[in-house]
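Listed below are the residues making up each chain.
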Amino acid sequence: MSTENAFQISVPDDSLSLLRQKLALVSLPDELEDAGWEYGVPLADIRRLVDRWANGYDWRHHEALLNAELPQFTRDIPVDGHGTLNIHYIHKKSDTKTAIPLLFVHGWPGSFFEARKLVPLLTQNSEHHPSFHVVAISLPGYGFSKAPSKKRFDMDQYAEVCNKLMLALGYDEYVTQGGDWGFLITRKIAHLYGPRHSKAWHTNFPGGQPPSLFTQPLDFLSMLINGLTAKEKEGLQRVQHFIATGCGYSAEQGTKPQTLGYSLADSPVGLLAWIYEKLVAWTDQYPWKDDEVLTWVSIYWFSRAGPAAAGRIYFEVGEGEPAKQMARFSAHESTSIPLGISRFPGEIVCFPKSWSKNLGKIVFDREHDGGGHFAAYEKPEALSGDLRDMFGQGGPAFGVVKGRNGYD
Amino acid sequence: MAESSFKISVPDAKIDELRQKLRLTRLPDELEDAGWDYGAPLADIRRLVDKWQNGYDWRVHEAQINSELPQFTRDIDVTGHGTLNIHYVHQKSAVPDAIPLLFVHGWPGNFLEVRKILPLLVESSPDHPSFHVVALGLPGYGFSEAPKTKGFKLDQYAEVGQKLMLALGYNEYVTQGGDLGFQINRRIARNYGGKHNKAWHTNFPIAQHPSLLSSPLAYLRALLTPYTAFEKAGLERTNWFETTGRGYYAEHSTKPQTLGYSLADSPVGLLAWIYEKLVAWTDAYAWDDDEVLTWISSYYFSRAGPAASLRIYYEVAKGDKRFPPPSEAPTIPAGFSYFPKEVIVAPRTWKKLLANVVIESEHERGGHFAAHEVPELLVGDVRKMFGKGGPAFGVVPGRTGYA
């Protein structure tokens, strides 16, 4: 394995200048009267954000903050059939030597940035809760990682990169946390590398399937006889709403990511709208600050592979057919290691609890009152609290990693 | 509601802005051997962007369009939506009793799609009928104003078409259309059929398998009739389209505003979004780069901007049925043309319930943009439908199309 290089984000001046020039030439569309959020992102929001991006937002300031807060590195990781990819990641160790190695895996439109608030909480020492050594990977094609250059870079490959990274860092055994694509990737890690390397996995985006007469006869019958609880119904209505009105992005990314990519690579406002729509729709009334949004989107704009690369994961997973994406999310994949689930009410796909039963060996399952899809970012205390409870003394996954139980 | 004659005259400032944006184009990379699998290939887009910047002259094409297509604008009131200034092409035949025909485009088309069929339709001859042609620029497309209010659906687009024909003195008329033009013309046929709209022709008759419950005989016939080779290929093509080619539709019909920011701001983004369909939906049509760039430029320079053209998908998906039941089929005579590379090709037995089909023609070549790809074939079908001996001859009283 190649050696690691320390990394600081340092966007070239040329790139900043190009962004500035493009923003100065921005052409905005009109909008229907009283459109609200019905047709997509409201014009007033975009206008305000674009103005701020062009006048006032200081990328260098935020770049410096990120570099100061998050120790970053790059290293070459070979991937079978795909050559070598240079991978960017955060790696922050706890002062507790026997902290639990934890890999955080983001999704779309996320990035390593999502781990920003989680890292200090998880690495914190205390006799009252376990601490973690945190690795937050930038998936290939995201952040400052290189993108795959060949077709068919699928879940097996993402899982391979993640596992190899943890091994390269000396973490022969580790645990994972993931949502969005991170759910599917960490499940694949559990499937392929558990229990030898991956010892437990935690997700805030549990997939699952409705119970069937064969897999869960009692739950199936109960569902038919008693119906769903009001809360379960509400959750499924959210799923219905998401599928009916919120999946255009995945249909396009899942079929023609290159076509869409020309827009996202060329137009800052186009990229901003494409991502910001989800930052608002998928969170639970999170009070986004403009600079926060712009930093999130700027990471995509300035990403090493460019914004067009990030969408290709949708195509590969669905093999170019959107219907197959959902199938992969719901399909069963056998895992044997302990699984923890955190459920946030604003999540876009909220299946009834009984649907997750076959996901794996569930040892922890907690529901929250608030928070949405970007749990690590919206509710870092809640999520880190769940991880501490799952892995801490007296917890159901205490001591899963040999010799690293998170305490001094 | 006076008519004004119209000539396209894009302001210099707009052309300069396009040039400046093109100069700043940032292209993505591409996977090795991607071909067309992931969308429009990088080599094509790079070549087109280079041409657009260096060598393509909009003014030349603008002048050509203006000399070929007699254009006008007029205000049309739409109930509940105020007044919209509508752009259209209107050319009368030399034959006074020519048949008034309304041509309605779809997406990503516009009034330019009438360019090649116009001279053929208005042409006088003892051997075929001729037409007075009106090519409507749909609200939100070309140089027509866009609706400002929500809920502008098929009824409203149909109302614009109907009112335009009446305003031009064509109390009775026929229609031709594909893509969204099929759905709009079907609505015209339903809402104004009999009294005003006398017959309709389409090259995009999309249909579902008849339902057992509502149409048991048609269901059985569909089930028991073996597919022809054309129909088998058509079903494969339809499956390809439905499973891998409707991403644009999903975004247009749910978040047109979000996508609109990209298409309004990025010439290369707009180019790729439309060019992908110009190639995928046609039958090996040999696109000329300038031809593509003129098509895209007409979207870039459109009066309402490219974002407005997407909203019809949202409104129609929300408020209109994609496959209305047979009980809602119009009763006036309909003509269907089938082109092999159309994106949805249903077996004939599925289409019988769509309308009062009086003539069908199956072709060996041509795709979605029939008027542009195979104008002589499309016009041939329309002539056969309305000409002497045809099933819709004389459908407009006093206007047979012959001298």
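Conventions and cut-offs
Residue indices follow the written sequence of each chain, beginning from 1 at its first position. Labels follow written order: the first chain is A, the first ligand is 1, and so on. Owing to the predicted nature of the model, reporting of local features is limited to residues with pLDDT of at least 70; listing and counting of side-chain atom pairs is limited to 80 or more, with chain, interface and lining totals taken over all residues. Here the side-chain values reflect all heavy atoms present in the structure, with hydrogen atoms and water set aside. Labels follow the DSSP assignment, with helices taken as runs of H or I lasting at least four residues and strands as runs of E lasting at least two, numbered in each case from the N terminus. Only the C-alpha atoms count toward the radius of gyration. The rule for a globule is 2.2 Å times the residue count to the power 0.38. A simple rule labels every residue: compare its accessible area, found with a 1.4 Å probe on the protein chains alone, to the largest value its type can have, and call it buried under 20%, exposed over 50%, or partly exposed in between. The contact definition used throughout considers only heavy atoms, calling two residues in contact when any of these lie within 4.5 Å. Note on areas: Shrake-Rupley, 1.4 Å probe, and residue coverage restricted to the protein chains presented here. When charges are tallied, Lys and Arg are placed among the positive residues and Asp and Glu among the negative ones, while His and the ends of the chain are skipped. In this description, the location of a charge corresponds to atom NZ of lysine, CZ of arginine, CG of aspartate or CD of glutamate. Summed over both partners, the accessible area lost on bringing two parts together, with a 1.4 Å probe, is the buried area. Whenever a carboxyl oxygen of Asp or Glu lies within 4 Å of a side-chain nitrogen of Lys or Arg, that contact is scored as a salt bridge. UniProt positions are given in the numbering used here, feature names are shortened, and annotations may be inferred rather than shown by experiment. Each polar contact in these results corresponds to two N or O atoms within 3.5 Å; when the atoms are within protein, one needs to be able to donate a hydrogen and the other to accept it, and residues that are neighboring in sequence are counted only if both atoms are side-chain atoms. Axes here mean lines fitted to C-alpha atoms, for a helix over just the part in contact, with angles spanning 0 to 180 degrees between N-to-C directions. Convention used here: angles under 35 degrees read as roughly parallel, angles over 145 as roughly antiparallel, angles from 65 to 115 as roughly perpendicular, and any remaining angle as oblique. The classification used treats Ala, Val, Leu, Ile, Met, Phe, Trp, Tyr, Cys and Pro as nonpolar, Asp, Glu, Lys and Arg as charged, and all other residues, Gly among them, as polar. In this analysis, the expected span of each helix is defined as 1.5 Å times one less than the number of residues it contains. By definition, the arc is the one covered by directions from the helix axis to the C-beta atoms. Pairing of aromatic side chains requires ring centres within 6.5 Å, counting the rings of Phe and Tyr and the six-membered ring of Trp. Pairs whose planes differ by under 30 degrees are stacked, by over 60 edge-to-face, and all others tilted. Here, a strand pair is defined by DSSP locating no fewer than two bridges between the strands. Here, the term right-handed applies to a crossover whose path from the first strand over the helix to the second runs clockwise when the strands point away from the viewer.

Chemist: Can you walk me through the overall build of chain A in this structure?
Modeler: Summing up its helical and strand segments, chain A has 17 helices and nine strands in all. A globule of 408 residues ought to have a C-alpha radius of gyration of about 22 Å, and chain A, at 21 Å, matches this closely. With respect to the three principal axes, the spread of C-alpha positions in chain A is 60 × 55 × 40 Å. Per-residue burial for chain A yields a buried fraction of 63% across its 408 residues. Put simply, of all contacts in chain A between residues at least 6 apart along the chain, 78% involve residues at least 24 apart. Carbon and sulfur atoms make up 51% of the accessible area of chain A, which amounts to about 14900 Å² in all. Side-chain charges in chain A split into 40 positive and 47 negative, and the spacing between the mean points of these groups amounts to 6 Å.

Chemist: What is the right way to look at the overall build of chain B in this model?
Modeler: Each helix and strand in chain B was counted, giving 16 helices and nine strands. The C-alpha atoms of chain B give 21 Å as radius of gyration, which agrees with the globular expectation for 403 residues (22 Å, within 12%). In chain B, buried positions account for 63% of the 403 residues. Taking the contacts inside chain B whose residues are at least 6 apart along the sequence as the reference set, 78% of them involve residues at least 24 apart. Here chain B has roughly 14400 Å² of accessible surface; of this, 52% comes from carbon and sulfur atoms. When the 43 positive and 46 negative side-chain charges of chain B are each reduced to one mean point, those points stand 6 Å apart.

Chemist: So what exactly am I meant to see when it comes to the interface of chain A and chain B here?
Modeler: Accessible area lost upon the coming together of the parts serves often as the stated size of an interface. Taken together, the contact between chain A and chain B spans 62 residues of the former and 57 residues of the latter. Summed over both sides, the interface between chain A and chain B buries roughly 5200 Å², with carbon and sulfur atoms accounting for 54% of that surface. Interface area lost by chain A to chain B is led by Leu25, Tyr39 and Tyr262 of chain A, which between them contribute 16%. In this structure, the connection of chain A to chain B is made through five salt bridges.

Chemist: What should I look at first to understand the UniProt feature "active site" (unreviewed entry) in chain A in this one?
Modeler: Residues and elements named next belong to chain A. Taking the UniProt record as the reference, the feature "active site" (unreviewed entry) is found at Asp180, Tyr314 and His373. Looking at the secondary structure, you find aspartate 180 in the loop between strand E6 (174-178) and helix H6 (181-193). At a separation of 2.8 Å, a polar atom in the side chain of aspartate 180 contacts the main-chain amide nitrogen of tryptophan 108. Examined against the element boundaries, histidine 373 turns out to sit in the loop between strand E9 (361-367) and helix H16 (375-378). Overall, the relative accessible area of 4% leaves histidine 373 in the buried class.

Chemist: Mind showing me how you'd approach the environment of leucine 169 of chain A here?
Modeler: All names here are of chain A. Relative to the elements of secondary structure, leucine 169 occurs in the loop between helix H5 (155-168) and E6. C-alpha separation for the pair leucine 169 and glutamate 33, spaced 136 residues apart in sequence, amounts to 55 Å. Residues within four places of leucine 169 in sequence aside, it is in contact with Glu4, Arg75, Tyr89, His91 and Val135.

Chemist: What should I look at first to understand the UniProt feature "active site" (unreviewed entry) in chain B in this one?
Modeler: Residues and elements named next belong to chain B. Mapped onto this numbering, the UniProt entry gives "active site" (unreviewed entry) at Asp179, Tyr313 and His368. The topology assignment puts aspartate 179 in the loop between strand E6 (173-177) and helix H6 (180-192). Discounting chain neighbours no more than four positions away, the residues touching aspartate 179 are Gly106, Trp107, Phe204, Trp281, Tyr313 and His368. Structurally, histidine 368 is set in the loop between strand E9 (356-362) and helix H15 (370-373).

Chemist: Explain the packing of helix H10 (residues 257-266) of chain A against helix H11 (residues 267-280) of chain B to me, please; I cannot follow it from the model alone.
Modeler: Helix-helix packing is characterised by the crossing angle of the two axes and by the distance between the axes. Between H10 of chain A and H11 of chain B, the least distance of the axes is 7 Å, while the angle of their chain directions is 175°. With respect to H11 of chain B, the element H10 of chain A is oriented roughly antiparallel. Along the contact surface, H10 of chain A presents Thr259, Leu260, Tyr262, Ser263 and Asp266 of chain A, while H11 of chain B presents Pro267, Val268, Gly269, Ala272, Trp273 and Glu276 of chain B. Across the contact of H10 of chain A with H11 of chain B, the residue classes tally to six nonpolar, three polar and two charged.

Chemist: It is not clear to me how helix H8 (residues 230-245) of chain A should be interpreted in this structure. Could you clarify?
Modeler: An α-helix turns once every 3.6 residues. As a result, residues three or four positions apart point the same way. All names here are of chain A. Between its terminal C-alpha atoms H8 stretches 22 Å, which fits the 22 Å expected from 16 residues at 1.5 Å a residue. Taken together, the buried positions of H8 are Gly235, Val239 and Phe242. The buried residues of H8 occupy an angular sector of 60° when projected down its axis, which confines them to one face. For H8, the exposed residues set more than 90 degrees away from the buried face come down to Ala230, Glu234, Gln240, His241 and Ala244. In this structure, the buried side of H8 is in contact with helix H9 (248-253).

Chemist: What's the story with the packing of aromatic side chains in this structure? I'm lost.
Modeler: The description of an aromatic ring pair rests on the distance of the ring centres and on the angle between the ring planes. What the rule picks out here adds up to 57 aromatic pairs over all chains. With 6.0 Å between their ring centres and 25° between their planes, phenylalanine 183 of chain A and tryptophan 201 of chain A make a pair best called stacked. Taken together, the residues span a long stretch of sequence, with phenylalanine 183 of chain A in helix H6 and tryptophan 201 of chain A in strand E7 (residues 198-203) at a distance of 18 residues. Tryptophan 201 of chain A shares its class with phenylalanine 183 of chain A; the two are buried. With a centroid separation of 6.4 Å and an interplanar angle of 85°, the aromatic rings of phenylalanine 182 of chain B and phenylalanine 204 of chain B are classed as edge-to-face.

Chemist: Mind showing me how you'd approach the UniProt feature "domain: Epoxide hydrolase N-terminal" (unreviewed entry) in chain B here?
Modeler: Under the UniProt annotation, the feature "domain: Epoxide hydrolase N-terminal" (unreviewed entry) is placed at residues 5-114 of chain B. In residues 5-114 of chain B, helix accounts for 32% and strand for 24%; the two terminal C-alpha atoms are 18 Å from one another.

Chemist: I tried to follow the side chain of histidine 363 of chain B on my own but got confused; where do I start?
Modeler: All names here are of chain B. Mapped onto the secondary structure, histidine 363 falls in the loop between E9 and H15. Looking at histidine 363, its side chain comes within polar contact range of the side chain of aspartate 381, at 2.6 Å. What histidine 363 contacts, discounting residues up to four positions off in sequence, is Phe230, Tyr338, Phe339, Pro340, Leu377 and Asp381.

Chemist: Got a minute to help me understand the pairing of E7 of chain A in this structure?
Modeler: In summary, the side chains of a regular strand alternate between the two faces of the sheet. Residues and elements named next belong to chain A. Within E7, six of the six residues are buried, which leaves the element mostly enclosed by the surrounding structure. Bridge count for E6 against E7 is five bridges, and the pairing is parallel. If you follow valine 175 over to E7, its bridge partner there is alanine 200. You can see the chain leave E6, run along H6 and come back into E7, and the turn it takes is right-handed. In the sheet, E7 pairs with strand E8 (residues 338-343) via three bridges, with the strands oriented parallel.

Chemist: Even after reading the chapter, I still don't get unusual backbone geometry, so can you show me in this structure?
Modeler: Residue proline 195 of chain A is bonded to the preceding glycine 194 of chain A through a cis peptide linkage, with omega at -5°. Along the chain, proline 195 of chain A turns up in the loop between H6 and E7. In this model, tryptophan 107 of chain B is joined to proline 108 of chain B through a cis peptide bond whose omega is 0°. As for its placement among the helices and strands, proline 108 of chain B is situated in the loop between strand E4 (99-104) and helix H4 (117-122).

Chemist: How should the environment of tyrosine 142 of chain A be read in this particular structure?
Modeler: Residue and element names in this part refer to chain A. The topology assignment puts tyrosine 142 in the loop between strand E5 (132-137) and H5. When the C-alpha positions of tyrosine 142 and histidine 61 are compared, they lie 21 Å apart, and in sequence the two are 81 residues distant. Once you skip the residues sitting within four places of it in the chain, tyrosine 142 turns out to touch His106, Gly107, Trp108, Gly110, Trp181, Tyr300, Ala310 and Ile313. Among the polar contacts made by the side chain of tyrosine 142, one reaches the main-chain carbonyl oxygen of alanine 310 at a distance of 2.8 Å.

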